[in-house]
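# A closer look at the structure
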Amino acid sequence: MERQESTSQGVWSEAPEWADDKTVPECAACNKSFTITRRRHHCRGCGGVFCDDCSTKRKELPEGFKLKGKQRVCDNCFFALVQAEVANNPDEHPPKPDFAVVRTNLLEELKKFIAETAQASWTRTASNKVATIYTKKMPGSALVCVKSEALSPTPLQKTWAAYNNKDLWKNWQPDMKECRTIEQLSVDGDGFSEEVLYVMMNVPVVDNRDSVVYSAAFDGNLMGADAKNSRSIMSKSVTHPMCPRITGTVRAELNFCLTTFTEEEIDGQKHTRITSILHTDPKGLIPPFVVNQGLARGCDQIRDMVKFIASLP
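A brief report on the enclosed structure follows.

Parameters and conventions
- Residues numbered from 1 in each chain as written.
- Predicted model: local features only at pLDDT ≥ 70, side-chain atom pairs only at ≥ 80, totals over all residues.
- Heavy atoms only, no water.
- Helix = DSSP H or I, 4+ residues; strand = E, 2+ residues; numbered from the N terminus.
- Expected span 1.5 Å × (residues − 1).
- Buried < 20%, exposed > 50% of the residue type's maximum accessible area, 1.4 Å probe, protein only.
- Contact = heavy atoms within 4.5 Å.
- Phe/Tyr/Trp six-rings, centres within 6.5 Å; stacked < 30°, edge-to-face > 60°.
- Lys NZ or Arg CZ within 6 Å of the ring centre and 35° of its normal.
- Pairing = 2+ DSSP bridges.

## Here we look at helix H1 (residues 75–88)
For H1, spanning 14 residues, the distance from its first C-alpha to its last is 20 Å, which sits close to the expected 20 Å at 1.5 Å a residue. Those residues of H1 that sit buried are Asp75, Cys77, Phe78, Phe79, Ala80, Leu81, Val82, Ala84 and Val86. Tucked inside the fold, the buried residues of H1 contact strand S3 (57–60), strand S4 (70–73), strand S8 (176–184) and strand S9 (193–201).

## Looking at the packing of aromatic side chains
Per the counting criterion, the structure on display carries 10 aromatic pairs. Note on Phe99 and Tyr214: the rings are 6.0 Å apart at their centroids and 15 degrees apart in plane angle, and the pair reads as stacked. Here the residue Phe99 occupies a position in helix H2 (residues 99–116), and Tyr214 occupies one in strand S10 (residues 208–219), the gap between them amounting to 115 residues. For the pair Phe99 and Tyr214, a shared accessibility class is recorded, and that class is buried. Plain terms: the ring middles of Phe113 and Phe256 are 5.2 Å apart, the flat faces sit at 50 degrees to each other, and that makes the pair tilted. A residue pair is termed long-range when its members are at least 10 positions apart, and Phe113 in helix H2 and Phe256 in strand S13 (residues 253–266) qualify at 143 residues. For the pair formed by Phe113 and Phe256, the shared burial category is buried. Through successive ring pairs, a cluster of aromatic residues spans Trp160, Tyr163, Trp169 and Phe261. The lysine or arginine in question, Arg103, covers the ring of Phe192, its NZ or CZ lying 4.4 Å from the ring centre.

## Some words on the pairing of strand S14 (residues 269–281)
Sheet topology note: the strand S7 (residues 145–152)/S14 ladder contains 7 bridges and is antiparallel. Bridging from a neighbouring strand, Lys147 pairs with Ile277 of S14. Sheet analysis places S13 next to S14, joined by 13 bridges and oriented antiparallel. By the bridge assignment, Cys257 is partnered in S14 with Leu278. Taking the residues that link successive antiparallel strands as the turn, the S13-S14 hairpin has 2 residues, and the phi of Asp267 there is positive, at about 55 degrees.

Right, dumping it as structure tokens:
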């Protein structure tokens with residue numbers, strides 16, 4: 001029997017029939033094959049078979065399931081259950097932020113930061129043949145701000161389309177366990193395309209980190225380059241009723257991020273210059289110096305991203 005699916009309209013009122021795990025060779029979410037170390041787990045919500053990484057969340061199920069306490073569920077079932085809870089009891093969950101205010105404040109913060117930050121204040125920290133990482137101390141924070149620069153041998157349209165396809169991120173973000181759109185906000189008259197994302201990252205040794213992020217894409221460039229041939233994405237952490245804190249996972253804080261894609265012509269070929277500034281706090285017990293020292297990994301991820309996008313047809 002095929003596993004039941006959760007939908008945006010709600011969840012099931014009674015327990016489904018479990019899939020026969022002997023006939024399921026791979027995880028229903030990540031498609032990785034099961035092995036001696038990657039074991040099978042049934043989602044109590046839909047009955048599907050998942051690996052441990054794709055079924056770490058726990059949630060109480062409807063009364064008709066006749067299961068007491070929090071149960072192992074897959075990611076889709078978890079968010080479907082949360083959505084049903086929010087719809088039935090909205091006063092018991094934090095309200096959504098005013099996204100117009102979030103956008104205005106983030107724009108002002110980024111413009112101020114860029115205006116007050118001289119190029120000489122950045123320290124070159126790491127580089128490879130594709131990307132360069134710079135860092136800058138931030139007032140009142142033990143964590144540095146990171147700036148990355150890379151040149152992709154692909155035109156803007158191709159680079160932008162690939163970067164905005166979240167299903168492709170796993171090709172250069174191997175530690176990303178989950179990235180899903182929680183709410184797609186409408187495109188307004190100013191040309192901003194906004195959404196709320198939930199992101200979970202695998203962190204070795206310590207607890208995983210997750211974050212709830214407001215993201216806005218728009219034409220233009222806040223960094224002063226050719227606005228006509230540029231597109232940008234800005235983002236920061238927000239709260240959202242659909243994203244409660246998860247036991248065993250630390251909620252990280254993205255203070256701000258701005259990534260700009262600008263098309264340039266070099267030797268008759270269109271390239272895209274990718275520039276990003278990022279200030280984030282993983283929270284928890286990770287010492288700041290460990291976080292700062294680990295930033296060089298971002299250089300390799302940018303290189304992998306550029307190479308992957310260039311390999312696309």
